[in-house]
Amino acid sequence: MSECFFSPSCCHIDLGALTRNFFRMGDPSGLLPVIKSDAYGHGLMPVARTLDKAGAQHFAVGTVSEGCALRKAGFHQQIVPLLGAQTQEDWNLSFTYNLTTPILDMESLKLAAQACPDHKDFPVAIACNTGMGRLGFSAHEMPDLIEGLRRYPMLKPVLALSHLACADMPDETIYTLAQQERFKSMTNALRAFFPTLARSLNNSAGLQNLPDSQYELCRPGITLYGGNPFAGTVWESKASDFEWVMSVSAPVLQVRKLKAGQSISYGRIFTAPQDMTIAIIGIGYASGFNRALSNCSDLLINGRRCPQIGRVCMGMIMADVSRLGATEVGDLAWIIGGQPEPGQRVVTAQELAAELGTISYEVLCLFGMTNRRVYH
Ligand SMILES: *Cc1c(COP(=O)(O)O)cnc(C)c1O
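Residues numbered from 1 in each chain as written. Predicted model: local features only at pLDDT ≥ 70, side-chain atom pairs only at ≥ 80, totals over all residues. Heavy atoms only, no water.

**As for the nonpolar core**
Piece 1. Ile35, Leu155, Leu190, Ile281, Ile335 and Phe367 are the most contacted members of the largest nonpolar core, which has 104 residues in total.
Piece 2. Mapped onto the domain boundaries, this core takes at least three residues apiece from domain 1 (25-233) and domain 2 (246-375).
Piece 3. Setting aside anything within four residues of it in sequence, one finds phenylalanine 367 in contact with Cys11, Met246, Val248, Ile283, Ser287, Gly288, Phe289, Ile335, Ile336 and Leu352.
Piece 4. By size, the runner-up hydrophobic cluster in this structure holds nine residues, among which are Ile264, Ala272, Ile278 and Ile309. (Core = buried A, V, L, I, M, F, W, Y, C linked by side-chain atoms within 4.5 Å. Buried < 20%, exposed > 50% of the residue type's maximum accessible area, 1.4 Å probe, protein only. Domains from an automatic or database assignment. Contact = heavy atoms within 4.5 Å.)

**Examining the environment of threonine 370**
Piece 1. Among the secondary structure elements, threonine 370 is positioned in helix 11 (residues 360-370).
Piece 2. We classify threonine 370 as partly exposed; its relative accessible area is 25%.
Piece 3. Separated by 220 residues in sequence, threonine 370 and arginine 150 have C-alpha atoms that sit 47 Å apart.
Piece 4. Discounting chain neighbours no more than four positions away, the residues touching threonine 370 are Phe6, Ala286, Ser287 and Gly288. (Helix = DSSP H or I, 4+ residues; strand = E, 2+ residues; numbered from the N terminus.)

**Focus on the site of the ligand**
Piece 1. By nearness alone, 13 residues border the ligand, and Lys36, Tyr40, Ser204, Ile222 and Tyr361 come closest of all.
Piece 2. In this structure, an oxygen atom belonging to the ligand sits 2.5 Å away from a side-chain N or O atom of serine 204.
Piece 3. The contact in question runs from an oxygen atom of the ligand to an N or O atom on the backbone of isoleucine 222, over 2.8 Å.
Piece 4. Considering the ligand on its own, with 390 Å² of exposed area, one finds that the protein chains cover 89% of that surface. (Near = heavy atom within 4 Å. Polar contact = N/O pair within 3.5 Å; in protein donor to acceptor, adjacent residues only side chain to side chain. Areas by Shrake-Rupley, 256 points an atom, 1.4 Å probe, with all protein chains shown as cover.)

Honestly, it's all geometry; don't read function into it.
What follows is the structure in structure tokens.
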């Protein structure tokens, strides 16, 4: 490879684990796997190729641009750009590349119709707002929408989408139930005119926990990549058998001694309580290792956990390797994943997310976007 990389750290993507996660979700014909945002940082094209081989028949991406890239790469699947098309140009591309782009409002209905030469059918999706409060038509707008669709007979609604705001939250089941009910009544109204319209409501959490709203298509995202949408809740075991797809490694750059009383890194937030052996490791906040993890996460080196110490730098972190056997320059520190020795646990994206007060989705996206990736 002739590219130049700014960090020696690396994302390892286990495409076998991705395939196994996908197979755990049931019949591919009922799945619209979500590969937006560069497949949650795992890489759009390698993930799409892997899911294609596993039998995927549909893909959900974020932008029209991602959808066009997939089509140009030869993918034949139904492709749904979840963010819709904002410009006439994007609607024209949606038509040309046969993307199933959601109509979000009456304005986008008009743009969609204009993208489509007379008498040609243009399959489109309908975004329904059932309680997320983001994109799409609300229940009271259904009559206007249906009238608009009848005015533009070239537009063929083939899919209705809505998104659950808290399907992962045991305390919010009443809200989720209300969203399910709203979606049912909105799609019933649409199906009175478009009887073959497919429906899609469930995300990963819904797919694992809401059998009443599977409909024709579910849209799993995080579970494809091994994350558990219920992490930290009483529902955790409902999605605990997925495998992490991404691991992140970084090499030891130097090993040094730190004498009792000496400090390390910016701000001197760590001072050695006794003589220590320290490894300097080549990853930092520019490569997704959040600076807020300073002094409060672990790494796996040579199969064993050791504490990260001192302020996280742009391209380096430090670890206390005093209790490990010999640690050498070039040894790999595993930021997430790796092979633990018996009795040791890997660090997971979920563990880092919990420490940071965020979700594994963000941790995966940031490591994936800022590191070179290798595929196994
Ligand atoms: C991201 C996204 C999903 C997938 O959500 P997960 O929680 O990752 O399963 C599904 N639908 C829409 C509209 C999304 O934006």
